[in-house]
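Here are the chains, one letter per residue:
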Amino acid sequence: MIPSTPCVLFVAALCAAAPDEVKLKSGREFKNLKLEKETASEYRFVDLEGKQVVVPKLNVAEYVPKPTVREEIATKRETLAGKDAGAWIKLAAWAKENGALEKDLKPLYEEALQLDGENAEARAALGWVKKDGKWMNAADEAKESAKEREELAKLVGGKQVKGKWLSPAEASRLEAKLVEHDGFWVTPDQKKKIVEGKLEYAEGEWLTAEEKEKFDQGQRRAGKAWKPADEMDPEHDKWSNPWSLKGRWVEVQTNAKHARGRWALKLAENVANAMVGWSGVEPDVYGKHGLLVLKYGRSMQDYKNFGAQAGSDWASNRSSNDGVFFSPNLERGRGGAVTYDLDKEEYGFAEWWTRRAAAETFIARFVDPSKLDPEVFDAFCAYFAGFKGAKYLPTWWHYYNGL
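Criteria and thresholds
- Residues numbered from 1 in each chain as written.
- Predicted model: local features only at pLDDT ≥ 70, side-chain atom pairs only at ≥ 80, totals over all residues.
- Heavy atoms only, no water.
- Pairing = 2+ DSSP bridges.
- Helix = DSSP H or I, 4+ residues; strand = E, 2+ residues; numbered from the N terminus.
- Phe/Tyr/Trp six-rings, centres within 6.5 Å; stacked < 30°, edge-to-face > 60°.
- Buried < 20%, exposed > 50% of the residue type's maximum accessible area, 1.4 Å probe, protein only.
- Lys NZ or Arg CZ within 6 Å of the ring centre and 35° of its normal.
- Salt bridge = Lys/Arg side-chain N within 4 Å of Asp/Glu carboxyl O.
- pLDDT = per-residue confidence, 0-100.
- Contact = heavy atoms within 4.5 Å.

(A) Quick peek at the pairing of strand 8 (residues 134–137). Of the strand pairs in this sheet, strand 7 (residues 128–131) and strand 8 are connected by four bridges, and their pairing is antiparallel. The residue of strand 8 that forms the bridge with Lys 130 is Trp 135. Linking strand 7 to strand 8, which pair antiparallel, is a turn of two residues; within it Asp 132 sits at a positive phi near 55°.

Take a look at the structure:
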């Protein structure tokens, strides 16, 4: 056995792309060792990091002196005079495959940059990134990104916590001590239960495998029991007890049939996802206001009733001139967008309005819509209403233009 002393290092087996230097009877292989001293009973090597490796001869199956990868790099460099950047990149790739350290690779990538200052592979290997058409090192990129985050956080009403600027959503998550799980943010205790129970999120609940099977069969929870959703529709056809369907960003409240509410939720979530992807900012659905609210009425009369109750000239005026409006006074000041069903299977004004409603309530989480230019506000919401998943479909504009 190799004696256990502080100077003895066990080197992990490396890729066999180059000849082995030392092979032990146990099958362990070493390379890139430089012999410092040989005694009657052991070899004393130094590895590429300058650390000593002692190997008793009794354990050695084969030892063939070979140059280290560092020595081979030095030899190969001499053959690259007059070659292009690609040749230096290839040498660096070979060296890395054969165990070279970062400090051995860095000069090779630097040589490549001397020949081709825009070589992306060399830049990346040296820790440079290209941002807005300009190369910068990792430290400068981190500073610029931090500055951008600060500006964005200020723009959306964020705040500084322990020297770091956070968006409202980040600040709320931090304050509530939430942790991420599968795209959702929950308390540590909730996450533990979710993981241990292998629970899956659906319409606002974390369900067991058995419950999820019932859910997929079209059943919904009714107290302690489960019933087909379509049989429960009459129980939720009044605003005193509407369906409440929750996604990651949006809560759809509806007195329409459950199937229509679920359809509306999918549309709204698609728009919210598109807006998060475009802006890089999440709406704060973790604080006191919770999820973005969308009231999806069963009929035009529901829509008119909410318009009459809006309580602000701005919201009331919009409700009488369109099929969707945002009211800041809904849900006790939580705010919410309102639209209604036209009983269409897939396409139509109901879909267009629902998508716009999601965009309006998203924007309202950051700024008072009544203070925005109405035409710009409508155009912006109409743009995001044109998304289906990650795909933009500008044909939706014809609904907005009434064509």
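(B) Representation of the packing of aromatic side chains in the model. In the structure shown here, the tally under the stated rule is 18 aromatic pairs. Pairing Tyr 43 with Tyr 63 gives two aromatic rings, centres 4.7 Å apart and planes at 55°, and the pair type is tilted. With Tyr 43 in strand 4 (residues 42–46) and Tyr 63 in strand 6 (residues 60–63), this residue pair connects regions lying 20 residues apart in the sequence. Summarising the aromatic geometry, the rings of Tyr 383 and Phe 384 are spaced 5.0 Å apart at their centres and angled 85° between planes, so their arrangement reads as edge-to-face. Look at Tyr 383 and you get partly exposed, because its relative accessible area is 30%. One aromatic cluster is present, formed by Tyr 303, Phe 325, Tyr 340, Phe 349 and Trp 353 through successive ring pairs. The cationic tip of Lys 57 hangs over the ring face of Tyr 43; the distance from NZ or CZ to the ring centre is 5.1 Å. When the ring centre of Trp 94 is taken as origin, the NZ or CZ atom of Lys 76, which lies over that ring, is 4.8 Å away.

(C) Geometry of the pattern of salt bridges. For the structure shown, the criterion picks out 28 salt bridges. Of the charged contacts, one joins Arg 44 and Glu 42 as a salt bridge, the two residues approaching to 2.7 Å between their closest N and O atoms. By relative accessible area, Glu 42 is classed as buried at 15%. Among the ionic pairs, Glu 282 bridges to Arg 173, the shortest N-O distance being 2.8 Å. One end of the pair, Glu 282, is in the loop between helix 10 (258–279) and strand 19 (292–297); the other, Arg 173, is in helix 6 (residues 168–176), and 109 residues separate them in sequence. Like Glu 282, the residue Arg 173 is buried in the burial classification.

(D) Main features of the confidence of the model for the protein. In the predicted model, the protein carries a mean pLDDT of 85, and 90% of its residues have values of at least 70. Taken element by element, the protein is modelled with least confidence in helix 16 (residues 397–400), mean pLDDT 46, and with most confidence in strand 18 (residues 250–254), mean pLDDT 98. Here residues 1–20 is a poorly scored stretch, pLDDT under 50, and it has 41 contacts once near neighbours within four places are set aside; other chains count. Per-residue pLDDT stays below 50 along residues 396–403; that stretch engages in 21 contacts with residues further than four places along the chain or on separate chains.

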